[in-house]
Amino acid sequence: MQIREAEFLMSNTRVDQCPAPTLPEYAFIGRSNVGKSSLINMLTERRGLAKTSSLPGKTQLINHFLINKQWYLVDLPGYGYAKTSKVNRVAWTRMINFYLRQRLNLACVFVLIDSRHPAQTVDLEFMEMLGTEGIPFVMVFTKADKQSNSRTQLQVSDYMKKMSENWDEVPQHFITSAEEKTGREELLAFIENVNRQ
Ligand code: GTP
Ligand code: MG
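Computed from a predicted model, the values in this text were never measured in an experiment.

A.B. asks: Describe the overall build of the protein, listing the residues and the values that go with them.
C.D. replies: Helix and strand counts for the protein stand at 5 helices and 7 strands. Going from the N terminus to the C terminus, the protein shows its helices and strands as β-β-α-β-β-α-β-α-β-α-β-α. Scaling as 2.2 N^0.38, a compact globule of 197 residues should have a C-alpha radius of gyration of about 16 Å, and the protein matches this with 16 Å. Here the C-alpha coordinates of the protein stretch approximately 40 × 40 × 35 Å along the principal axes. Looking at the protein as a whole, 32% of its 197 residues qualify as buried.

A.B. asks: Describe the site of ligand 1, and please don't skip the residues or the numbers.
C.D. replies: Near ligand 1 you find 23 residues, and of these Gly 35, Ser 38, Thr 52, Thr 59 and Gly 78 are the closest. With 3 residues, helix H1 (residues 36–44) is the largest single contributor of residues to the shell around ligand 1. Looking at the shell around ligand 1 residue by residue, the class counts come to 4 nonpolar, 13 polar and 6 charged.

A.B. asks: I'd like a rundown of helix H4 (residues 149–166), residues and numbers included.
C.D. replies: Across its 18 residues, H4 extends 27 Å between first and last C-alpha, which sits within 8% of the 26 Å expected from 1.5 Å per residue. Those residues of H4 that sit buried are Thr 152, Gln 155 and Tyr 159. The buried residues of H4 occupy an angular sector of 70 degrees when the element is viewed end-on, so they sit on one face. Facing away from the buried side of H4, by more than 90 degrees, are the exposed residues Asn 149, Ser 150, Ser 157, Lys 161, Ser 164 and Glu 165. Considering only its buried residues, H4 is in contact with strand E5 (106–114), strand E6 (137–142) and strand E7 (173–175).

A.B. asks: Explain the nonpolar core to me, and be specific about the residues and the numbers.
C.D. replies: Within the largest apolar cluster, 38 residues are counted, with the highest numbers of intra-cluster contacts made by Ala 27, Phe 28, Val 111 and Leu 112. Top contributing element to this core by residue count: E5, with 6 residues. Residues within four places of Val 111 in sequence aside, it is in contact with Ile 29, Gly 30, Phe 126, Met 127, Phe 137, Met 139 and Val 140.

Thresholds applied
Residues numbered from 1 in each chain as written. Chains lettered and ligands numbered in written order. Predicted model: local features only at pLDDT ≥ 70, side-chain atom pairs only at ≥ 80, totals over all residues. Helix = DSSP H or I, 4+ residues; strand = E, 2+ residues; numbered from the N terminus. Rg over C-alpha atoms; globule rule 2.2 N^0.38 Å. Buried ≥ 20, exposed ≤ 12 C-beta atoms within 10 Å, placed from the backbone. Near = placed C-beta within 6 Å. Nonpolar A, V, L, I, M, F, W, Y, C, P; charged D, E, K, R; others polar. Expected span 1.5 Å × (residues − 1). Arc of directions from axis to C-beta. Contact = placed C-beta atoms within 7 Å. Core = buried A, V, L, I, M, F, W, Y, C linked by C-beta atoms within 7 Å.

Okay, here's the thing in structure tokens:
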């Protein structure tokens, strides 16, 4: 798929103020600093479209981007940032829970996972919740450029093993690098395919 147009639409805290749910929507979620905003820029080939930072906690709102006037990409704030206050954590949970459960046009959630670490409880629990709620999702391993392919495969296998302990079917997964554009074609082909359904 070619990205002809990518435009920032709006930032929100409330699902009822998001754009009309008339187009398929793909949301990027995962731990703070995992590379959600960077991956949106890599997919769209627009360097500063989503705001990135080397410090965790950069993205704070539900951000909508309209792609090719046909579908939405959504950049969400990250979870699991240890230094955030309890009040912030509660606010995040409320906002995201409402968004995930009430957004009618949500076609798929991309759960981003840092490929450098073995399976983390916070990620496993988040995916457990998505599975239980019946919210469609795939796993996206990020920052693959930071280590060897074999090391990445080891961490991916660790996740797949842990996921298969609780679920008959393990979700589809992608391996990406925003730096090297790894996984771009695969992710866009996946989106194109879901858009057609
Ligand atoms: P929050 O909005 O704070 O939750 O973070 P985020 O998940 O949106 O992460 P962001 O895209 O802002 O990236 C965090 C840091 O990781 C930045 O310094 C990026 O340059 C870096 N980064 C993101 N993706 C990659 C990647 O694929 N490879 C490398 N080497 N660095 C990356
Ligand atoms: Mg971000």
